[in-house]
Amino acid sequence: MGFSSISDIGKTLVRILNDSLVPDVILHNGSIGLCSPDDHGDFNLGIYLYDIAPSEEVFAHGMVNTGLKEQTYPSSFLTLRYMITAYSSGDLKYRAEEDQRILGRVVQALADHYVIGQTSALHGDPMKTRIEQERLGSFEKIRLWTFPNEPYRVTLFYKVTPVEITSARSKTMTRVTDLSMLLGSDVENVLGEPIREIGYKRTLVVLCKDASDGSVITGSNVRAYIEGERPAVIKEDGYRVFLNVRSDKAMLKVESGIYETYEEELDFSKRDAEEVLTITLDRAKTHPKYKTEEEEA
């Protein structure tokens, strides 16, 4: 979904139409391609990208967390507009009829394949990239035909949206691993008196994954906790962050009705505060949703 997204959409349209039209209404492979109406060569069906505009549906604002210590700049979301024109090369007597058969099959094929992919999940739930036929009046269609040396042909107009171009720019962010607090009553004693300072420097970041497919477990499907400590902060991307752990050693427990229970004793004096503890959880054999085929039989 980088800078090649625009060309990838064009190749996808060619592939869909090539698979759908050859050999039913167009005899040979290679007769459908990307071209301008005034330079279509031997193509029997030409696809011309005539406009690239910002998407009217999707707007990305702000940085996106793509890791525990990395943020990516916002993506660009576009709407691509295409002209699709038939250039049948048969006998003049039947040429108009052939053009109409080709265009009819194009409408059918693109309606059957109106979803051609998804944008990334960087900005929330993945969004479907759709092919939609444009509703343009006759005057507008002729106005868009800006090719003086090529007489106007009946043309189909389509748009593809949203098309995402991800940013190539990112930045590293520093996560808080050291917290110090001054007690309010002690701030008054700064002149000649020691200030009592409380410092918690133990942080734990946990990432739970499903052993069957390696996917990150998000939401409330599992409960990770350390007895006697504050609950973890659960991030949207699945990271669970324990801040200000008070003990040098603590027992981490992960419980779920879907996965097997996991326990691990942690020694914070030997752990790197920047290290992510990745836990792979096996699905509980007793859970009816995850019975094996042999058990169901």
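Residues numbered from 1 in each chain as written. Predicted model: local features only at pLDDT ≥ 70, side-chain atom pairs only at ≥ 80, totals over all residues. Heavy atoms only, no water.

A. Representation of the nonpolar core within the structure. Residues L17, L21, L45, V106 and L110 are the most contacted members of the largest nonpolar core, which totals 27 residues. Counting only elements with at least two residues in this core, the list comes to α1 (5–21), β2 (45–54), β5 (76–86), α2 (92–112) and β8 (155–165). Of all the elements, α1 adds the most residues to this core, at six residues. If we ignore the near neighbours within four places in the chain, the residues touching L110 are L13, I16, L17, I84, I131 and Y158. (Core = buried A, V, L, I, M, F, W, Y, C linked by side-chain atoms within 4.5 Å. Buried < 20%, exposed > 50% of the residue type's maximum accessible area, 1.4 Å probe, protein only. Helix = DSSP H or I, 4+ residues; strand = E, 2+ residues; numbered from the N terminus. Contact = heavy atoms within 4.5 Å.)

B. Layout of the pairing of strand β3 (residues 64–67). Of the pairings in the sheet, the one linking β3 to strand β4 (residues 70–72) comprises three bridges and is antiparallel in character. Pairing of G67 across the sheet is with E70, part of β4. Once β3 ends, the chain turns through two residues before running back antiparallel as β4. (Pairing = 2+ DSSP bridges.)

C. Representation of the environment of I102. Within the secondary structure, I102 is located in helix α2. Note on I102: relative accessible area 3%, which makes it buried. Residues I102 and T85, 17 residues apart in the sequence, show an inter-C-alpha distance of 9.1 Å. The contact partners of I102, leaving out residues within four places of it in the chain, are L21, V25, I26, N44, L45, A86 and S88.

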